[in-house]
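Structural description and commentary
Read off the chains here:
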Amino acid sequence: LYIWATMNSADQGVFPMDTAFKRRWEFRYMGIDEGEGEIAGKVVRLGEKHEPVEWNALRHAINDLLKKGARVNEDKLLGPFFLKASALGDDAAFDEAFKSKVLLYLYEDAAKMKRPKVFRHPDFTYSEICAEYDSSADAVFVSEPVARVEADEAPEDDGGAETGSEA
């Protein structure tokens, strides 16, 4: 019998089962950046200005902000497939996913107790942070998360074609 599953020890419902699983089943630790080669070079566009950034560089910059600035544990960081490939291939889908998944996750979970070290306006409500992202993606975080991709480096919109794999 083989059961393939994943678990995140940060999830409170899984934590008590973690030790039992480790004793009874074989498991393999997967690092936070495992598989990131599949999304290397994938450019996404931020906010209304659609400023191009490389998704993996943005993800690493947010993780650095969480680790170094807010001292958040590794199990709260963003993995390469935190967003589905379909969201990375379409500007509108990316904006929606970034707000409803990344910003919401940071606001309500990963940086909940450390908002002043992550968000430029820690007293903003979640909807105000989303509005801030829409008007100026850089204004959301305490520092500009990552340098823009030069216009000649940014690929043209590929019509929403998916790249990489979803996990």
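In what follows, the structure referred to is the one given above.
This write-up is about the structure you can find in this document. Computed from a predicted structure; not experimentally measured.

Calculation rules
- Residues numbered from 1 in each chain as written.
- Predicted model: local features only at pLDDT ≥ 70, side-chain atom pairs only at ≥ 80, totals over all residues.
- Heavy atoms only, no water.
- Axes fitted to C-alpha atoms, helices over the stretch in contact; angles between N-to-C directions.
- Helix = DSSP H or I, 4+ residues; strand = E, 2+ residues; numbered from the N terminus.
- Parallel < 35°, antiparallel > 145°, perpendicular 65-115°, else oblique.
- Left-handed = near helix turned anticlockwise from the far one by under 90°.
- Contact = heavy atoms within 4.5 Å.
- Buried < 20%, exposed > 50% of the residue type's maximum accessible area, 1.4 Å probe, protein only.

**A few points about the packing of helix H2 (residues 55–69) against helix H4 (residues 91–110)**
- At their nearest, the axes of H2 and H4 sit 13 Å apart, and the two run at 15° to each other. Between H2 and H4, the angle is such that the two are roughly parallel. Relative to H4, the crossing made by H2 is right-handed. Only Phe-94, Phe-98, Val-102 and Leu-106 of H4 make contact with H2, whose side of the interface consists of Trp-55, Leu-58, Ile-62 and Leu-66.

**Digging into unusual backbone geometry**
- The phi dihedral of His-50 is positive, around 50°, even though this residue is not glycine.
- Counting through the fold element by element, His-50 comes out in the loop between strand S1 (43–46) and strand S2 (51–54).
- Overall, the relative accessible area of 34% leaves His-50 in the partly exposed class.
- If you check the backbone angles, Arg-71 has positive phi at about 55° while not being a glycine.
- Of note, Arg-71 is situated in the loop between H2 and helix H3 (85–88).

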